[in-house]
Amino acid sequence: MHGGGVVLPVNGGGGVGPGPGDAYSSEITFTVAMSCLMAASGGLIFGYDISITGGLTQMQSFLEAFFPDIIEKMNNASQDEYCIFNSQLLTTFVSSLYLAGMIACLVAGHITRRIGRRNSMLIGASLFLAGSILNCAAANIAMLVVGRVLLGIAVGFTNQSAPVYLAEIAPARWRGAFTSIFHFFLNVGIFVADLVNYRANTIAGWGWRLSLGVGIVPATVILLGALFIPDSPNSLVLRGKVDAARGSLRRIRGGRNNASVEAELKDIVQAAEEDRRYESGAFRRIVRREYRPHLVMAVAIPVFFELTGMIVVTLFTPLLFYTVGFTSQKAILGSIITDVVSLASIAVAAAAVDRVGRRPLFMVGGGVLLACLVGMAWVFGAQLGADGGKAMPRRYAVAVVALVCVFTAGFGVSWGPLKWIVPSEIYPLEVRSAGQGMSEAISLLLTFAQTQSFLNMLCSFKYGTFAYNAGWVVIMTAFVFFFLPETKGVPIESLREVWARHWYWKRFVKPLPAAAPEPETAAAAKVADGPV
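Given the structure is predicted, the values throughout are model-derived calculations rather than measurements. (Residues numbered from 1 in each chain as written. Predicted model: local features only at pLDDT ≥ 70, side-chain atom pairs only at ≥ 80, totals over all residues. Heavy atoms only, no water.)

### A few points about the overall build of the protein chain
In step 1: Helix and strand content of the protein chain: 23 helices and zero strands.
In step 2: Here the protein chain holds 532 residues, and 59% of them are scored as buried.
In step 3: Long-range pairs, those at least 24 residues apart, make up 79% of the contacts in the protein chain with a sequence separation of at least 6.
In step 4: Accessible surface, the protein chain as shown: approximately 19800 Å² in total, 66% of it carbon and sulfur. (Helix = DSSP H or I, 4+ residues; strand = E, 2+ residues; numbered from the N terminus. Buried < 20%, exposed > 50% of the residue type's maximum accessible area, 1.4 Å probe, protein only. Contact = heavy atoms within 4.5 Å. Areas by Shrake-Rupley, 256 points an atom, 1.4 Å probe, with all protein chains shown as cover.)

In structure tokens form, the structure reads like this:
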């Protein structure tokens, strides 16, 4: 089947004969659970910093302090509704985080490889704390932007290291569910930000400081918590610390089954030895022919993720609801409703991803996103008009909220969590830091471009903005169907076989030669075969 690949069974996952991960432990230990929760908490502070700007940018106290020109447009009865928030200074404040994050991702890949995943997350947590403090104390736009830049650098480090850390320490059988926790926490952060904005919007004068200052709390918790989690055994082996990796693996897997620990460690060491056979750096290596599918996915997945339109819908949901006629407070309340829908859909995805697989979720999500984007284009075009001069009837404004909720649900079971799961698991160890860094850098660069351009696009293209994203959803769904193999249940260091058996990628990726049998095994095989 096109795009189907071959799934190697893990831990009784079906199929005939043993799979490469049958000797691994699938036990979920306390250390695994706590380490995953702490690593995924980086997503919480990222989600908070994403969403807090959506409410801030239409909050009276914030606009009076920094953007009085937008207040004038909001009070102008003849103002084009599509163009109220079209301000280059405002988009610079919002988008500076993503440009800084993109640059940091490229640097963080090399640093993370040298110092380890856990230490990279510690750097990110420290910068989250510094950026949150600076934003809360801001006296001018320059301080706001510098604070956002620090937050962006923090995003670059945590987004590069946390998803990979989760994929490396999670049991192979439950890797999809554990890795999706990062996206779940990201949406918890978005939800908390909207709740804080809802309260802060009622506080005259300094409500915006509350919105920006609350981020100090999770940043502090993450910074302290990251000190107590183990580094991933894959990262330790890659840095030559095999004994430390064995200790980390025993702590993560429970230590009661030394055979399973040694079997998993052996595969990790083999992958690290494959890495050391190359002299070139990971970024130069990933452009080689044998890594062609990994390079394509490192580019395609973040590009398609951004072109779903969800990032701008997430960032600007309150502004979108304000545009269709809701008051500032009701616009934030509408955003809170979509947050609840998002969290519920991500929980469904986490429960389903290791049962039904990645590809079916992509297909279902693509259909839902396409229907909703076409519906939003029609409602905006028919009821708000091409010039933004018409007032949208209440029932159609409610329909926009419903469409955004369904769109959010479709995204939450597909591209939302899978954008973090798939890139974190598909790269071989020798190019993993480069692939993840490249993927996140592209994602943040495109988010920067979209946050810079969305309000201008909405002002210029009107309802055509949603039709534009709908066209891309068709393309990305077809791409996944034909070119992304299923990775459900395959141990992270055994995914080469999946690519080597895919209908298209097998021309680039060849399976590893079979390992020579141990002397005892060879002798036993000869006896079993009988005399020659």
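Continuing now.
### Points about the pattern of salt bridges
In step 1: A full pass over the atoms with the stated rule returns 10 salt bridges.
In step 2: For R246, the salt bridge is made with D243, and the minimal N-O distance between the two is 3.2 Å. In this pair, R246 and D243 are both assigned in helix α11 (residues 242-253), three residues apart and thus about one turn of the helix distant.
In step 3: Among the residues examined, D243 registers a relative accessible area of 62% and is labelled exposed.
In step 4: A salt bridge links E497 to R501, with the nearest nitrogen and oxygen atoms 3.6 Å apart.
In step 5: Under the relative-accessibility criterion, R501 is labelled partly exposed at 43%. (Salt bridge = Lys/Arg side-chain N within 4 Å of Asp/Glu carboxyl O.)

### Some points on the confidence of the model for the protein chain
In step 1: When pLDDT is averaged along the protein chain, the result is 79, and 80% of the positions lie at 70 or above.
In step 2: Predicted confidence is poor over residues 1-21, with pLDDT under 50, and the contacts of this stretch with residues over four places away or in other chains come to 53 contacts.
In step 3: Here residues 520-532 is a poorly scored stretch, pLDDT under 50, and it has one contact once near neighbours within four places are set aside; other chains count. (pLDDT = per-residue confidence, 0-100.)

### Some remarks on the nonpolar core
Side chains that are nonpolar tend, in soluble globular proteins, to be buried together.
In step 1: Within the largest apolar cluster, 59 residues are counted, with the highest numbers of intra-cluster contacts made by F46, L56, F62, F67, Y98 and W208.
In step 2: Of the residues forming this core, the biggest block, 12 residues, is contributed by helix α1 (residues 30-56).
In step 3: When neighbours within four sequence positions are excluded, F67 is seen to be in contact with F62, L89, L90, F93 and I141.
In step 4: Counting residues in hydrophobic clusters, the runner-up holds 52 residues, among them F362, V379, V401 and M476. (Core = buried A, V, L, I, M, F, W, Y, C linked by side-chain atoms within 4.5 Å.)

### Concerning the side chain of D354
In step 1: Mapped onto the elements, D354 comes out in the loop between α16 (328-352) and α17 (358-384).
In step 2: A relative accessible area of 13% means that D354 is categorised as buried.
In step 3: A polar atom in the side chain of D354 sits 3.1 Å from the side chain of R358.
In step 4: Among all residues touching D354, those that are not within four sequence positions of it are R173, W174, R175, G176, A177 and K488. (Polar contact = N/O pair within 3.5 Å; in protein donor to acceptor, adjacent residues only side chain to side chain.)

### Observations regarding the side chain of D49
In step 1: Looking at the secondary structure, you find D49 in helix α1.
In step 2: No salt bridge forms around the buried D49; measuring N to O, its nearest opposite-charge neighbour R148 is 5.1 Å away.
In step 3: Apart from the residues within four sequence positions on either side, D49 is in contact with L97, F128, R148 and L151. (Lys, Arg positive; Asp, Glu negative; His and termini not counted.)

### Things to note about a positive patch on the surface
In step 1: Together, R289, K506, R507 and K510 line one region of the surface with positive charge.
In step 2: Assessed through its relative accessible area of 46%, R289 is described here as partly exposed. (Patch = residues over 30% accessible without salt bridge, like charges linked within 9 Å, V, L, I, M, F, W, Y side chains within 5 Å. Charge placed at Lys NZ, Arg CZ, Asp CG, Glu CD.)

### Describing the packing of aromatic side chains
To describe a pair of aromatic rings, one takes the distance between the centres and the angle between the planes.
In step 1: Inspection of every chain in the model, using the stated rule, returns 21 aromatic pairs.
In step 2: Where F182 meets W420, the ring centres are 4.7 Å apart and the plane angle is 55°; that geometry is what we call tilted. Placement of the pair is F182 in helix α7 (residues 175-200) and W420 in helix α19 (residues 415-426), with a sequence separation of 238 residues.
In step 3: Classification of F182 by relative accessible area gives buried; the value is 0%.
In step 4: For W420, a relative accessible area of 3% translates into the label buried.
In step 5: Ring geometry for F305 against F411: centres 5.4 Å apart, planes inclined by 45°, an arrangement best described as tilted. One end of the pair, F305, is in helix α14 (residues 292-307); the other, F411, is in helix α18 (residues 394-412), and 106 residues separate them in sequence.
In step 6: For F411, a relative accessible area of 6% puts it in the buried group.
In step 7: An aromatic cluster is defined as three or more aromatic residues linked by ring pairs; in this entry it consists of F304, F362, W415, F479, F483, W499, W503, Y504, W505 and F508.
In step 8: The ring of F93 has R148 lying over it, and the distance from NZ or CZ to the ring centre is 5.3 Å.
In step 9: The ring of W420 has K419 sitting right over it, with the charged end atom 3.8 Å from the ring centre. (Phe/Tyr/Trp six-rings, centres within 6.5 Å; stacked < 30°, edge-to-face > 60°. Lys NZ or Arg CZ within 6 Å of the ring centre and 35° of its normal.)

### Points about helix α9 (residues 216-225)
In step 1: Within the sequence span of α9, burial applies to P218, A219, I222 and G225. Down the axis of α9, the buried set is contained in an arc of 140°. They therefore lie on one face.
In step 2: The inward-facing, buried residues of α9 contact α1 and α5 (117-136). (Arc of directions from axis to C-beta.)

### Quick word on the environment of I50
In step 1: Inspection of the secondary structure assignment puts I50 in helix α1.
In step 2: Accessibility expressed as a relative area gives 5% for I50, which makes it buried.
In step 3: In this structure the C-alpha to C-alpha distance between I50 and S95, which are 45 residues apart in sequence, comes to 9.7 Å.

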